[in-house]
Amino acid sequence: MKKIVFLLFLFATQLNTLFAQQKNLDFFVQSAIQNSPLLKDYQNQQLSNLIDSLRIHALYKPQINAVSVNTYAPSYQGWGYDGAITNGANFGQQITFNQLLIGKANMNNQQQAIQLLNQSLQVAGKITEQDITKAITAQYITAYGTQQQIQFNQELVNLLKKEQVILTKLTESGIYKQTDYLSFLVTIQQQDLLVHQLQLQFKNDYGVLNYLCGLTDTSGVVLENPNIHLVVTPEIEQTVFYQNFFLDSLKLKNSDAQIDFSYRPKVSLYADAGYLSSFSYQAYKNFGNSFGFSVIWPIYDGKQRKMKHDKIAIAEQTRQQYRNYFKSQFQQQIALLTQQLHSVEQLIQEYNTQIKYSQTLIEANRKLLQTGDVIMPTYILAISNYLNAKNLITQNTISKMQIINQINYWNRN
């Protein structure tokens, strides 16, 4: 009965693995981008800015209003408001028209400010996508590395359990000591525990990955190889990160020009038509209209104009300092990451060489083990060395992918 239960459990495990979903890196990255509320916020801000652009146009179109003003100022025996001022009563029903005259250059400058703001939001969106891609890729690599360790250690456990059948017979025949056999069993149990621990770690890594992507998934999954390849980093001026400095420069120029526009004369046309009466004389004749224009010409404001231009100049100096610092940090970071990548690749080559020797030694000891010509501790030591080298290769391979991910982060243009 126990054997039947074990076989059913083994079949269910294999069936679950067989039907486990295979998901790749691109699936998680695209899911995270689609579910990002920050990216949706940037899109909505751009739509809102387009409305502001339309409002600017509407502001300089004719403004027509219906105005109703009705007042009565009673007086009694000389007490009350001065009739010369209030006329006793006023009754007005008018349609008013106002038109602010503004130059095309001023209008274009205000529209350019909206366009620059939207371009900044687009750049922010691209950078956010890069941040998301980098974070998701890093977590995916971490989960994939754990999955690789599970597969490798599980294969080793299966191999050791096959050896156990042979060693059991050799121990029963007295070729190996019972203590040596127990040491071998301990090694198998340690590997079983390691596989179980790695499975729990993978569940946690995969759960974090889904959390970052805004997904809910508890089904079995097999992560595909992320296939991370190094992409040549473009010149810094061509990256999306540098565009912010370029747009900031245009924004400052736009603000500087708007200061000058604000000091130009402002001309407004106005007109009204309707009924306006104090009822003091022939009220039925008080239908009429009026029209005119107004001019506002700034003359002196305590040199505030120069102060505003000075503030823009200081902001431009700050922008240049940040830009120069970014260029220096960018080059240093790429150089440092490239150096780390070469070091890790060299370590992987060295460990691969060690793996070949370890595998050869294990194969030789396995053959000798079956004939009883090698002591058990020697075989266990060979397995231990192979495990260490294999795990170090896995760790350095994951480190290599993580470094490439960090370098590729800067290649967005």
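See the structure shown above.
Computed from a predicted model, the values in this text were never measured in an experiment.

Basis of the calculations
- Residues numbered from 1 in each chain as written.
- Predicted model: local features only at pLDDT ≥ 70, side-chain atom pairs only at ≥ 80, totals over all residues.
- Heavy atoms only, no water.
- Phe/Tyr/Trp six-rings, centres within 6.5 Å; stacked < 30°, edge-to-face > 60°.
- Helix = DSSP H or I, 4+ residues; strand = E, 2+ residues; numbered from the N terminus.
- Buried < 20%, exposed > 50% of the residue type's maximum accessible area, 1.4 Å probe, protein only.
- Core = buried A, V, L, I, M, F, W, Y, C linked by side-chain atoms within 4.5 Å.
- Contact = heavy atoms within 4.5 Å.
- Pairing = 2+ DSSP bridges.
- Axes fitted to C-alpha atoms, helices over the stretch in contact; angles between N-to-C directions.
- Salt bridge = Lys/Arg side-chain N within 4 Å of Asp/Glu carboxyl O.

Bringing the packing of aromatic side chains into the picture now. For the structure on display, the rule yields 16 aromatic pairs. Ring centres 6.2 Å apart and planes at 90° place the aromatic pair Phe28 and Tyr206 in the edge-to-face group. Within this pair, whereas Phe28 is found in helix H2 (residues 25-35), its partner Tyr206 is found in helix H6 (residues 178-213), the two being separated by 178 residues in sequence. Considered together, Phe28 and Tyr206 belong to a single accessibility category, that of buried residues. An angle of 55° between the planes, with centres 4.7 Å apart, marks the rings of Phe241 and Trp410 as tilted. Residue Phe241 is found in helix H7 (residues 240-262), and its partner Trp410 is found in the segment after helix H9 (376-408); the two are separated by 169 residues along the sequence.

Core analysis: the largest hydrophobic core is formed by 32 residues, its most contacted members being Phe28, Ile136, Tyr140, Phe202, Tyr206, Leu209 and Leu223. When residues of this core are traced back to their parent elements, those giving at least two are H2, helix H3 (37-59), helix H5 (104-172), H6, strand S4 (221-223), helix H8 (304-371) and H9. The biggest single contributor to this core is H5, with eight residues. If sequence neighbours within four positions are ignored, Ile136 has contacts with Leu25, Phe28, Val29, Ala32, Leu209, Leu212 and Cys213. Counting 20 residues, the second largest nonpolar core, distinct from the first, contains Leu156, Leu160, Tyr351 and Tyr386.

With that settled, consider the pairing of strand S3 (residues 89-101). As paired strands, strand S2 (residues 63-72) and S3 are joined by ten bridges and run antiparallel to one another. Counterpart to Asn70 in the pairing with S3 is Phe91. Note that S3 and strand S5 (residues 266-277) share eleven bridges and pair antiparallel. Counted as the bridge partner of Gln99 is Leu269 from S5.

On to the sheet that holds S3. With antiparallel pairing, the four strands of this open sheet are ordered in space as S2-S3-S5-S6. What marks the edges here is a single partner per strand, and that holds for S2 and strand S6 (287-296). Sheet twist, expressed as the average angle between the axes of neighbouring strands with direction ignored, equals 20°.

Glancing now at the side chain of Thr239. With respect to the element layout, Thr239 can be found in the loop between S4 and H7. Residue Thr239 is classed as buried on the basis of its relative accessible area of 0%. Apart from the residues within four sequence positions on either side, Thr239 is in contact with Pro234, Trp410, Arg412 and Asn413.

Further remarks concern the pattern of salt bridges. One pass over the full model with this rule turns up eight salt bridges. The closest approach of N and O atoms between Glu237 and Lys327, which form a salt bridge, is 3.5 Å. Highlighted residues: Glu237 in the loop between S4 and H7 and Lys327 in helix H8, separated in sequence by 90 residues. Its relative accessible area of 41% is what places Glu237 among the partly exposed residues. Residue classification places Lys327 among the partly exposed positions, given a relative accessible area of 24%. Its salt-bridge partner being Arg319, residue Glu316 comes within 2.8 Å of it at the nearest N-O pair. Highlighted residues: Glu316 and Arg319, both in helix H8, separated by three residues, approximately one helical turn. Judged by relative accessible area, which is 19%, Glu316 ranks as buried.

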